[in-house]
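# Observations on chain architecture
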Amino acid sequence: MRRQERRKRTGFFTVLTAWLGRPLASFHLVLAVFGLLTVLGLVMVLSASSVVSLDTGPSVYTVFKKQLLFVAIGSVAFWVALRMPLRLMRQFSAPALAACFGMLVLVLIVGKEFYGARSWFVVGPVSFQPIEVAKLALVLWGAHVLVQKKALLHQYRHLLVPLVPVALLMFALVMMQPDLGGTVTLIVVLFALLWFAGAPMRLFGAAAIGGLGGIVTLSLTEGYRIARVLSFLDPEADPTGKGLQGLQAKYALADGGLLGKGLGQGQSKWEYLPNVHNDFIFALIGEELGFLGCALVLGLFAMLAVTGLRIAARNIDPWIRMVAATVTVWLVAQAAINIAYVVGLLPVTGITLPMISAGGSSIVVTMFVFGILANCARHEPESVAALRSQGPGRFGRLMKLPAPDVYNPPQKRKPVRPSTPPRATGRREPATRRAGTSERQLQERRRTRRSVPVPEHRRRSARGRAGHPRADEGGRH
């Protein structure tokens, strides 16, 4: 029996290793994670938002229909990102970043305020949050700048400028809204860019000390931030006020047990847990699907982390490598922060759970990011060779995906003229070796010298030197 079990395990790992060695394995893994997270998110939003929809709208499906519409728009965004040439994204990253700065300034003037933050554009029934697009623009542009200055990144001024000043300006605009969750995500993006650019560890240590000082300063300057920190430290001190969400989230997770109460049977959505369909949807997953449902979510994001870093490692284009790794860290870190404050390990920051929480701009941008990651997977060298030789495959034909371009590294600049060895001090360079002197100019100089008469005293000096040997040749005067 033990031998049979060992053979089965060996056979399973052999099949898994062979499948992972296929050219398009990374691409298929991204599609699998993307599809599972999309379906799970729609199901949980439908379950979590029924009570809220009934209270605020004419139907129990009001929030779900809106979420379904945004998922449809996000699917189009996923297809566009999958088809768009990556070099085009890199080329337009700087204009996109400038447009995002304009929107961040404009939202402070004409934006709508929700939950104490002026961070939304509202046009009829549609709302849009520019910080979501700004995160992606910072990733694309930051990777472009760091790759361009790759040979100079050992110098701090090239490593930090202009990336860090631009990121700090974006932090300031987001904190003016104020949006703590967006600022935290931007910090994650900046740290990921610097990490994959090879920044030294002492830089991250100094940044961590500065970040802790900034968090303490910001927490003490606003009353609601102090209350949020105090409720995190002792949620039972105000169980019906600031500590309500944290306590109710823990109760929901505890009530779920191993298998959960069943889909749609959770009690926390009946106004016990505020914003259960947005920030605290992981608590409802634990209540209705139990520990197994939570493990499924954690497993999907763990698979996303492994797949994204695999894509970055298997690519040879440095810009694609940095973009794939950074967006992977962004999505996984955002999910980790959301789950951490739901279970009580971090203070509440208002960060949504990617692909699962209800939201318009966040789900559209996240699906676009998944399209970029899938596009990066198709640009692995083995994938490029397979797609260009064997065709796009069934999914590629269905989605009308073009064949990815072969990576051509930039050519090194050739020197304008060959470098000459340095001249010895005190020695005059021959006329024939002077840079920039043509043969015709040399002939003109020789002709001019012959035509100029030699003075009498120079002739006498020359005759005297000819009749007496030099001192260095054995003669003495």
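Refer to the structure above for everything that follows.
Model, not experiment: these values are computed from the prediction.

## Some details on a nonpolar patch on the surface
Taken together, Leu46, Leu54, Val60 and Tyr61 make up a surface patch of nonpolar side chains, about 330 Å² in accessible area. Locating valine 60 in the fold gives a position in the loop between α3 (50–56) and α4 (62–83). Valine 60 sits in the partly exposed class, given a relative accessible area of 31%.

## Some points on the nonpolar core
The nonpolar side chains of a soluble globular protein tend to be buried with one another. In this structure, Trp319, Leu353, Ile356 and Phe370 are the most contacted members of the largest nonpolar core, which totals 105 residues. Considering each element in turn, this core owes the most residues, 14 residues, to helix α15 (residues 318–342). Ignoring anything within four residues of it in the chain, the contact list for phenylalanine 370 reads Val30, Val33, Phe34, Leu37, Phe78, Leu304, Leu331 and Met355.

## Structural notes on the pattern of salt bridges
Going through the model one piece at a time under the given rule, you end up with seven salt bridges. Aspartate 405 serves as the salt-bridge partner of arginine 87, at 3.7 Å between the closest nitrogen and oxygen. Taken together, the residues arginine 87 in helix α5 (residues 86–91) and aspartate 405 in the loop between α18 (393–399) and α19 (439–451) connect sequence positions 318 residues apart. We classify arginine 87 as exposed; its relative accessible area is 55%. The partly exposed category is assigned to aspartate 405, whose relative accessible area is 39%. Ionic pairing is found between arginine 118 and glutamate 113, a salt bridge with its closest N-O pair at 3.8 Å. One network of salt bridges, in which partners are shared, links Arg314, Glu380 and Glu382.

## Describing the environment of valine 174
Mapped onto the elements, valine 174 comes out in helix α9 (residues 163–175). Valine 174 sits 56 residues away from arginine 118 along the chain, and the two C-alpha atoms are 9.5 Å apart.

## Some words on the packing of helix α7 (residues 130–148) against α15
Between α7 and α15, the shortest axis-to-axis distance is 9 Å and the interhelical angle comes to 145°. When the axes of α7 and α15 are compared, the crossing they make is right-handed. Where α7 approaches α15, its residues Glu132, Lys135, Leu136, Val139, Leu140, Ala143, His144, Leu146 and Val147 are matched on the opposing element by Pro318, Trp319, Met322, Val323, Thr326, Val327, Trp330 and Gln334. Among the residues forming the contact of α7 with α15, the class breakdown is 12 nonpolar, three polar and two charged.

## Here's the deal with the packing of aromatic side chains
Scanning the entire structure with this criterion turns up seven aromatic pairs. Among the aromatic residues, those joined into a cluster by ring pairs are Phe34, Phe78 and Phe370.

Rules used throughout
- Residues numbered from 1 in each chain as written.
- Predicted model: local features only at pLDDT ≥ 70, side-chain atom pairs only at ≥ 80, totals over all residues.
- Heavy atoms only, no water.
- Patch = residues over 30% accessible without salt bridge, like charges linked within 9 Å, V, L, I, M, F, W, Y side chains within 5 Å.
- Areas by Shrake-Rupley, 256 points an atom, 1.4 Å probe, with all protein chains shown as cover.
- Salt bridge = Lys/Arg side-chain N within 4 Å of Asp/Glu carboxyl O.
- Helix = DSSP H or I, 4+ residues; strand = E, 2+ residues; numbered from the N terminus.
- Buried < 20%, exposed > 50% of the residue type's maximum accessible area, 1.4 Å probe, protein only.
- Core = buried A, V, L, I, M, F, W, Y, C linked by side-chain atoms within 4.5 Å.
- Contact = heavy atoms within 4.5 Å.
- Axes fitted to C-alpha atoms, helices over the stretch in contact; angles between N-to-C directions.
- Left-handed = near helix turned anticlockwise from the far one by under 90°.
- Nonpolar A, V, L, I, M, F, W, Y, C, P; charged D, E, K, R; others polar.
- Phe/Tyr/Trp six-rings, centres within 6.5 Å; stacked < 30°, edge-to-face > 60°.

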